[in-house]
Amino acid sequence: MADNDLMEKLVSLSKRRGYVFQSSEIYGGTGSVWDYGPLGVELKRNVKDAWWRAMVHERDDIEGLDAAILMHPKVWEASGHVENFTDPLVECRNCHRRFRVDILLAETGAAEMEAARCPSCGKTGEWTEPRSFNLMFKTFMGPAEDSANVVYLRPETAQGIYVNFLNVQQSARQKIPFGIAQIGKAFRNEITPGNFTFRTREFEQMEMQFFVKPGSDEAFFEQWREARFKWHTDVLGLSPDRLRYHPHEKLAHYASAAGDVEFYFGGTIGDGGWGEIEGIHNRTDFDLKRHQEYSGKRLEYIDPAAGERYIPYIIETSVGADRATLAVLANAYREDVVDGETRVVLSIKPSLAPLKCGVFPLVKKDGMPDRATQIHEDLRRRGIPSFYDEAGAIGRRYRRQDEAGTPFCITVDGETMEQGTVTIRDRDTMEQSRIAQDQIPAFLAERLA
Ligand code: ATP
C-alpha cells in the first residue's frame, strides 16, 4: 500500500533513473510541467500503445483519429468551455497564493472555507471570495495579437472527435454503434497543480467517443464502464484493491450519467488518497447538437436500412496518459530488505516495462563481454529492449535494473563459456534459473506477451 511520502520517493527515483524530470529544470523549473526521460518515454508509450491496441486495433467498431490541437475558436463556444470551463478560485490574503476551492477543501479536510488552513503559509480562514477562473490557455493565430485572432490550446481532445464525426463515419463506412479514439495533448491552466504528474498544465489524454442510438445509451454506458475498469487491472496491472469506481453525484452540464475510475495514490491526492484516472460519461446528444447549432451544418447519422436520421448519443471514456503512467509507477513501487540493505524495486508488468532485459558479463574477461554483447544485440534485433551493463559488482547491476523496473537480467558466466547456458534472474522473486543461451528469446517472449 502507498505511504504518505510515495510521491516524493517517486519524484526522486524518476529523476535518478531517467523516468521524469522537471521541465526547464536548469532555469528553476516551470510550474507543473514535466519531461519524460529515456525510461519514462518508453513506459508512457507502452501505456498508450496498450490503450490503442485495446481500443482501436483489437476492434472493428472503433476508428483512430489524430486531430490538431488548435481548433476554430467557435468550437469552444459550442462546447461550453468559454462559458463553463471555470473553477472557483480563492486567494490567501496573507501569502497571495491561489487555490481551487474544491481541492483545498478536500486536501485540508475542512468543511468550509473559514476552517481551511492555507497549505502555503499556514494561516486559517484568510480567504478572498471565490471567483471564476477559465482554465483554457489563450494564444493568437497569425501576426496580429488582437481579440479577433484569439485561439485556444485545447483543454480536451474530445472536440476534435465531435467535429470529425461525419468525416470518420463516412470515410470508414461505419454504422452506429461505433467509436472514434484519439490520443493527444491537452492543456489546462490549473489553479492548483501538483502532486508530480497527477495534475499538470500540459498533459496527454486517451479519449474514445462511442456514438450510439438514443435509448441504447444507458446500456452502452454500463458496458464501457465495466470494460474500462477491467483494462486498468488486466492491461495496466493495477492492484484491484487500489482501484474503485466512483459515480458522480453532481453532473457536468453535458452529462446524464458519469463516474470515475479512481486509483489509490495515497498522500494528498484527491479524496483521501484516491484520485481519478479515468472518467466515463454519458454525454447525451449535447455535443453534436451544439456543434450543429453553432456551425449550421447537419450532424445527423443517417440509417438507410431503417430509414431513420438522428443525432447520436455519445458515451465517452477519457483517461489521462500521464495519470495512468503515474498509477503504474505508484502501483509498482516497492521497498524490501535484502541482506540488511533496502532494495527499491519497480514491479511494473513486464509487457509495460521500458526495458525488458539487462544483459551482464559476470566479469570483464574470458570472452564474457563479447558473448553478453552478442546476446544483447540479438535481443535488440528481435525488438526486445535490452540494456548491456558491465560496470561494477553484479549485485549493483541487478539493483540498478530493479529500480529501473527491468523484469529480467541475464548473466553470462563461466558456464556460459563452457556449456552455453546463462542465468536469468527474475526482478520480483530474485530467483535465478539457468537456461540454454538459444532458449532466451522463447523464454522472454512467453513472459512479455
Ligand atoms: P480533475 O477533477 O482531476 O480535475 P477532470 O474530471 O477535470 O479531472 P476530465 O476532464 O474528466 O478530468 O479528464 C479526463 C482525464 O484526463 C482525467 O481522468 C485525468 O486522467 C486526465 N486529466 C485531466 N486533467 C489533468 C491534469 N491537469 N493533469 C493530468 N491529467 C489530467
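Owing to the predicted nature of the structure, the values given are computational and were not obtained by experimental measurement.

### Regarding the packing of aromatic side chains
- For the coordinates displayed, the defined rule picks out 14 aromatic pairs.
- Here the aromatic rings of F165 and F211 are separated by 4.6 Å at their centres, their planes lie at 25°, and the arrangement is stacked. Separated by 46 residues along the polypeptide, F165 in helix 7 (residues 165–171) and F211 in strand 10 (residues 202–212) bring together distant segments of the chain. Here F165 and F211 have matching classes, each one buried.
- For the ring pair F408 and F443, a centre distance of 5.8 Å and an interplane angle of 80° mean the geometry is edge-to-face. Placement of the pair is F408 in strand 21 (residues 408–412) and F443 in helix 14 (residues 440–448), with a sequence separation of 35 residues.
- Owing to a relative accessible area of 5%, F408 belongs among the buried residues under this scheme.
- By relative accessible area, which is 15% here, F443 ends up buried.

### A look at the sheet that holds strand 11 (residues 243–247)
- The sheet built from seven strands is open, its strands ordered 3-9-10-16-13-12-11 with mixed pairing. Either end of the sheet is taken by a strand with one partner, and the two such strands are strand 3 (62–65) and strand 11. On average, adjacent strands in this sheet sit at an angle of 25° to one another, irrespective of strand direction.
- Relative to strand 12 (residues 257–264), strand 11 runs antiparallel, the two being bridged by five bridges. Looking at strand 12, one finds that R244 is bridged to E262.
- Where helix 10 (residues 321–332) meets the sheet, its contacts fall on strand 10, strand 12, strand 13 (274–282) and strand 16 (313–320), and the angle it forms with strand 16 comes to roughly 50°.

### Focus on the packing of helix 2 (residues 38–57) against helix 8 (residues 217–234)
- Between helix 2 and helix 8, the shortest axis-to-axis distance is 12 Å and the interhelical angle comes to 145°. Of the two elements, helix 2 crosses helix 8, and the hand of that crossing is right-handed. Two secondary-structure elements touch here, helix 2 through V47, A50, W51, A54 and M55 and helix 8 through W224, R228 and W231.
- The residue inventory of the contact of helix 2 with helix 8, partitioned by class, reads seven nonpolar, no polar and one charged.

### Some details on the state of the cysteines
- Within this structure, the stated rule accounts for zero disulfides.
- Between C95, a free cysteine, and C118, which holds the nearest cysteine sulfur, the sulfur-to-sulfur gap is 3.7 Å.
- Not engaged in a disulfide, the cysteine C121 finds its nearest cysteine sulfur in C92; these two sulfurs lie 3.7 Å apart.
- A relative accessible area of 33% places C121 in the partly exposed class.

### Quick notes on the site of the ligand
- Taken together, the neighbourhood of the ligand is formed by 16 residues, with E190, R199, T200, E276 and G320 sitting nearest.
- The contact in question runs from an oxygen atom of the ligand to an N or O atom on the backbone of G320, over 2.9 Å.
- For the ligand, whose free accessible area comes to 590 Å², the fraction covered by protein is 85%.
- Of all elements in the fold, only strand 10, strand 13 and strand 16 reach the threshold of two or more residues within the shell around the ligand.
- When residues in the shell around the ligand are grouped by element, the largest group, five residues, is from strand 13.
- Residues that form the shell around the ligand fall into these classes: three nonpolar, six polar and seven charged.

### Side note on the UniProt feature "binding site: substrate" (unreviewed entry) in the protein
- Annotation from UniProt places "binding site: substrate" (unreviewed entry) at R100, E156, F203, E204, Q205, M206, E207, E316, T317, S318, V319 and G320. Spanning 221 residues, the named residues do not form one spatial group; their C-alpha atoms are separated by as much as 25.5 Å.
- Leave out the neighbours within four places in its chain, and E204 touches K44, K48, I183, G184, K185, V319, G320, A321 and D322.
- A distance of 2.9 Å separates a polar atom in the side chain of E204 from a polar atom in the side chain of K48.
- Counting through the fold element by element, G320 comes out in strand 16.
- Classification of G320 by relative accessible area gives buried; the value is 15%.
- With residues up to four places along the chain from it excluded, the contact list for G320 reads E204, Q205, M206 and I277.

### Observations regarding helix 5 (residues 101–108)
- Of the residues making up helix 5, those classed as buried are V101, I103 and L104. Down the axis of helix 5, the buried set is contained in an arc of 165°. They therefore lie on one face.
- Of the surrounding secondary structure, the elements contacted by the buried residues of helix 5 are strand 4 (86–91) and strand 5 (98–100).
- Of the residues trailing helix 5, G109 is marked for its positive phi of about 75°.

Definitions and limits used
- Residues numbered from 1 in each chain as written.
- Predicted model: local features only at pLDDT ≥ 70, side-chain atom pairs only at ≥ 80, totals over all residues.
- Heavy atoms only, no water.
- Phe/Tyr/Trp six-rings, centres within 6.5 Å; stacked < 30°, edge-to-face > 60°.
- Helix = DSSP H or I, 4+ residues; strand = E, 2+ residues; numbered from the N terminus.
- Buried < 20%, exposed > 50% of the residue type's maximum accessible area, 1.4 Å probe, protein only.
- Pairing = 2+ DSSP bridges.
- Axes fitted to C-alpha atoms, helices over the stretch in contact; angles between N-to-C directions.
- Contact = heavy atoms within 4.5 Å.
- Left-handed = near helix turned anticlockwise from the far one by under 90°.
- Nonpolar A, V, L, I, M, F, W, Y, C, P; charged D, E, K, R; others polar.
- Disulfide = S-S within 2.5 Å.
- Near = heavy atom within 4 Å.
- Polar contact = N/O pair within 3.5 Å; in protein donor to acceptor, adjacent residues only side chain to side chain.
- Areas by Shrake-Rupley, 256 points an atom, 1.4 Å probe, with all protein chains shown as cover.
- UniProt positions renumbered as here; feature names shortened; annotations may be inferred.
- Arc of directions from axis to C-beta.

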